[in-house]
Every structure is written in C-alpha cells, then in structure tokens.
Amino acid sequence: MPKTAHTTRIEDQPGYWIRRLQQIAVALFLQETDGLELTPVQYGTMQIICNHPGLDQRSIAAQLGLDTSTLGTVLDRMERRGWCTREPSAHDKRVRLLKPTAEGRALIASAQPHMQAAQARILAPLKPHQQAQFMRLLKTVVEGNNSNSRAPKQASAHQIGA
C-alpha cells in the first residue's frame, strides 16, 4: 500500500502506548507476585477492603473505576478463596458490606512489597524527577478523561489512601 499524507502510524497514537503500558504493568505485577495467585484487580479490591472495611460493592467499584457487575464477579472469587466476607448492612438489607478476613489481610500484607517492586519496575526507565512528572501527567490525562469511561471513578467519602 503506498504511503500517503494521511497514513497514520500506530506508534504515533497515545492509545497504542497506553495499551502497551497496561500490558507491561500487568505482566510485571504477575511476575512480582508469582505464587500468590492474585490479579491486579483483586489486589486493588482487597487493598480497599482492608483500608476501609465495611464499604459496599458500589463504593468499591466507584473507587476502582469498575462497573458493579464486573466487581461482583471478582468478589465472588475472592469470597470463595476466603479473602473477604459480604455481610448485610444494618440499614439496608439489599446492600452487602465487604470485610477482609484474616487470610485476606495476610495476603495483602505479603503482596504489598511485591506490588511496590512491580510499580518501581514500571517507572525504572525514568529518572526520579521524570517519574514524578510522568505520574502528574498520567493523573491529569486520566482525570481529564474520567467522564468518558464506561465506569467513571467517582469521588466518595472513602477515597483510596484517605
């Protein structure tokens, strides 16, 4: 096919690099957590449950930027593995509140250094000042496009890390 002025190279598109970075981030996470049988989504979910026991599924999904049905499937697996429990809310019996089990807390404690190693490996090609700049720019792009997501991350009373 002859090259024209309108030919778009895949390597010139941000979506290509974002998808590749996501693939790399998952691969590094799985390498670093090898043997824990834990996915990045399960890690994030369990970290929120451990940090904020008693949150409901909708609140956790909103913090992760996931739809509630996807998170429900993740929670089913995590509950079967004994990492968390779902208990009815005293205020609304339709709502289930998530709490970590001792096994779930131990899993997150053992996974934490491995997750941090994966994050460091992701940023390793950058110098320290570039890492901070990259994180600021990445957050700006994601937050600026949040409303375009199929499951926008929503602010809540229990922000991650709060």
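Residues numbered from 1 in each chain as written. Predicted model: local features only at pLDDT ≥ 70, side-chain atom pairs only at ≥ 80, totals over all residues. Heavy atoms only, no water.

Caption draft 1: Region of the structure containing the overall build of the protein chain. Summing up its helical and strand segments, the protein chain has 6 helices and 3 strands in all. Starting at the N terminus and walking to the C terminus, you meet the elements of the protein chain as α-α-β-α-α-β-β-α-α. Summarising its shape, the C-alpha atoms of the protein chain cover approximately 65 × 35 × 30 Å along the three principal directions. Classification of the 162 residues of the protein chain by burial places 25% in the buried group. For the protein chain, contacts bridging at least 24 residues in sequence account for 57% of all contacts bridging at least 6. When the accessible area of the protein chain is evaluated, it comes to approximately 10,800 Å², of which 56% is carbon and sulfur surface. (Helix = DSSP H or I, 4+ residues; strand = E, 2+ residues; numbered from the N terminus. Buried < 20%, exposed > 50% of the residue type's maximum accessible area, 1.4 Å probe, protein only. Contact = heavy atoms within 4.5 Å. Areas by Shrake-Rupley, 256 points an atom, 1.4 Å probe, with all protein chains shown as cover.)

Caption draft 2: Region of the structure containing the pairing of strand S3 (residues 96-100). Pairing geometry for strand S1 (residues 55-56) and S3, over 2 bridges, is antiparallel. Bridging across to S3, Leu55 finds its partner in Leu98. Here strand S2 (residues 84-88) runs beside S3; their pairing, made up of 5 bridges, is antiparallel. Within S3, the position partnered with Pro88 by the bridge is Arg96. (Pairing = 2+ DSSP bridges.)

Caption draft 3: Region of interest: the confidence of the model for the protein chain. When pLDDT is averaged along the protein chain, the result is 91; 92% of the residues meet or exceed 70. Here helix H3 (residues 57-64) is the element of the protein chain with the lowest mean pLDDT, 93, and helix H5 (residues 102-123) is the one with the highest, 98. Note that pLDDT drops below 50 for residues 157-162; the model gives that stretch 12 contacts with residues more than four away or on any other chain. (pLDDT = per-residue confidence, 0-100.)

Caption draft 4: Examining the state of the cysteines more closely. Throughout the structure, instances matching the rule amount to 0 disulfides. Left unpaired, Cys50 is separated from the closest cysteine sulfur, that of Cys84, by 9.2 Å. Since its relative accessible area comes to 2%, Cys84 is described here as buried. (Disulfide = S-S within 2.5 Å.)

Caption draft 5: Broad picture of the packing of H3 against helix H4 (residues 68-80). Here H3 crosses H4 at 110°, and the two axes come no closer than 9 Å. Between H3 and H4, the interaxial angle falls into the category roughly perpendicular. Mapping the contact onto sequence places Gln57, Arg58, Ile60, Ala61 and Leu64 in H3 and Thr68, Leu71, Gly72 and Leu75 in H4. (Axes fitted to C-alpha atoms, helices over the stretch in contact; angles between N-to-C directions. Parallel < 35°, antiparallel > 145°, perpendicular 65-115°, else oblique.)

Caption draft 6: Expanded view of the packing of helix H2 (residues 40-51) against H4. With their axes 11 Å apart at the nearest point, H2 and H4 run at an angle of 80° to one another. By the angle between their directions, the pair H2 and H4 is classed as roughly perpendicular. Contact with H2, carried on its side by Val41, Gln42, Thr45, Met46 and Ile49, involves Leu71, Val74, Leu75, Arg77 and Met78 of H4 and no other residues of that element.

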